[in-house]
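Survey of secondary and tertiary structure
One letter stands for each residue in the lines below.
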Amino acid sequence: MSRKKAKYYAEDTGAPARRRKRRRRRSEKRIPSWVYRIALILLVAALGLVIYVNRDSLTPERISAWVQERVVGAGEGDGYPSSIEGSEVHEGNFQSAGGDLVMVSDTHLTVLNSTAGEVVSRQHSLSFPVLRLGGDRALLYNLGGKGYQLDTRAETILRGDMEQNILGGAVAQNGAYALLTESSDYFGELRVYTHDGKEQFTYRFSSCYPTAAALSPDASQALVCGVYAEGGAFASSLYLIDLNSDAGGAPAATFPETTLLDALWYADGSAAAIGDDTAALVSPDGTVTKYSYDGWRLCAYGGENGVTAIALSSYAGSESGKLILLDSSGHAVFTAQLAAAPDDVSVYGNTAAVLAGGTVTAYSIADGAAFASADAGADAVALTLANESSAYILGVSEVRMVSLNG
């Protein structure tokens, strides 16, 4: 093509020439297809990694429970207060999980959402039920009896009866569970089961009666409290048991003239054992530190993520008390003086709340400052935090919800 002819085409067909230039520019800006292919490969690899890491949690029953909760769910309730199904709820059977209230009465396992909508209402046949929560599961066992059951929000996964009477129990974040029982040949036994009910581990105690247990999140370790007689008084032992080893071991710590009452294991890998006059704090590396109440009387306790709350009064019938928050090294994060003897305490995130004299007071764990209070009612006996700014309250015949927004 001559230069003259080329000039003619450019002048006479200016619009097509501009369109061709725009198409070239768009073509130059278009992302190559190989980039999309690499992104897809990376996405599939990432999804595969997530599935592998969470493979123990992605069981059919857990997926079904998630669908039941998230897709079907519970509707809007009529709000609080809400009456209790059954005639009585013990303070230890009044807990929260995922913002919902979980409680066990003498007849029912009940889960209510923040509007008092009924998520679960399931009858049980245990004469003295005890509730333990872990992950998406609730373990109920008959203290001093043989029956137990394992529940999700969707269904009761299993029911069973132990050969000997049950002394304690625990459930891990991964769904494994443990039961402490009496024994015909020993002082007691720890039996640990996988999430689907297969026996994983057995430990027999020959020097103390086991009374309480907690499992690490992955069920690789158990913390067990035991009591025995020494010099005419009760003493206690604390065992840290490796559930992947058959080797026995000596107690991690002993407590003369102390009765260990309960064991807690936190998501950060630390744990705690609560005694009548001393608490034992267990760091993630297994170091045990004792914290004495210095003669004060234990009224309530609770904890989360490495923070253990101890609520004390100076003596039985006292009109004052104090709240102490401990870290996993046994150091006091802060101490708050209370104008009334405490009835209950709860920890959630950066908030610690104490029930005393019919009033709930909320404290910031970061600086120990009281930032909110609310009237709980004259009949309030227990509380559990739903989140950092609201709490469920257990009354004699109903449950209530209070705001702690300051």
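So, how was this worked out
- Residues numbered from 1 in each chain as written.
- Predicted model: local features only at pLDDT ≥ 70, side-chain atom pairs only at ≥ 80, totals over all residues.
- Heavy atoms only, no water.
- Helix = DSSP H or I, 4+ residues; strand = E, 2+ residues; numbered from the N terminus.
- Buried < 20%, exposed > 50% of the residue type's maximum accessible area, 1.4 Å probe, protein only.
- Contact = heavy atoms within 4.5 Å.
- Areas by Shrake-Rupley, 256 points an atom, 1.4 Å probe, with all protein chains shown as cover.
- Pairing = 2+ DSSP bridges.
- Axes fitted to C-alpha atoms, helices over the stretch in contact; angles between N-to-C directions.
- Salt bridge = Lys/Arg side-chain N within 4 Å of Asp/Glu carboxyl O.

**Focus: the overall build of the protein**
In terms of helices and strands, the protein carries four helices and 32 strands. When each of the 406 residues of the protein is scored for burial, the buried share is 45%. Counting contacts in the protein only where the partners sit at least 6 residues apart, residues at least 24 apart contribute 39% of the total. For the protein, the computed accessible surface area is about 20,200 Å², with 50% contributed by carbon and sulfur atoms.

**With respect to the sheet that holds strand S13 (residues 199-205)**
The sheet built from four strands is open, its strands ordered S10-S11-S12-S13 with antiparallel pairing. At either margin of the open sheet sits one strand with a lone partner, and together these are strand S10 (166-171) and S13. Across the sheet, the mean angle from the axis of one strand to that of its neighbour is 15 degrees, orientation sign disregarded. The pairing of strand S11 (residues 177-181) with strand S12 (residues 188-193) spans five bridges and is antiparallel. Bridge pairing links Leu180 to Leu190 in S12.

**Some points on the sheet that holds strand S14 (residues 209-215)**
Within a sheet, each strand pairs with its neighbour through backbone hydrogen bonds, oriented either parallel or antiparallel. Judged by pairing direction, the sheet is antiparallel, and its four strands sit side by side in the order S14-S15-S16-S17 without closing on themselves. Strands at the two margins of the open sheet, each flanked by one partner only, are S14 and strand S17 (253-255). On average, adjacent strands in this sheet sit at an angle of 20 degrees to one another, irrespective of strand direction. In terms of strand pairing, strand S16 (residues 233-242) meets S17 through three bridges, oriented antiparallel. Counterpart to Leu238 in the pairing with S17 is Ala253.

**What about the environment of Tyr148?**
Looking at the element boundaries, Tyr148 is found in strand S8 (residues 147-151). As a C-alpha pair, Tyr148 and Asp161 span 13 residues in sequence and 6.3 Å in three-dimensional space. Those residues in contact with Tyr148 that lie beyond four places of it in its chain are Leu126, Leu139, Leu140, Tyr141, Leu158, Arg159, Gly160, Asp161, Met162, Ile166, Tyr177 and Leu179.

**Quick word on the pattern of salt bridges**
As enumerated under the stated definition, the model contains ten salt bridges in all. In this structure, the salt-bridge partner of Arg137 is Asp136, at a minimum N-O distance of 3.9 Å. Residue Arg137 is classed as buried on the basis of its relative accessible area, which comes to 2%. On the basis of relative accessibility, which here comes to 32%, the residue Asp136 falls in the partly exposed class. With a shortest N-O distance of 2.8 Å, Glu199 and Arg191 are connected by a salt bridge. Taken together, the shared-partner salt bridges connect Glu189, Arg191, Glu199 and Arg204 into one network.

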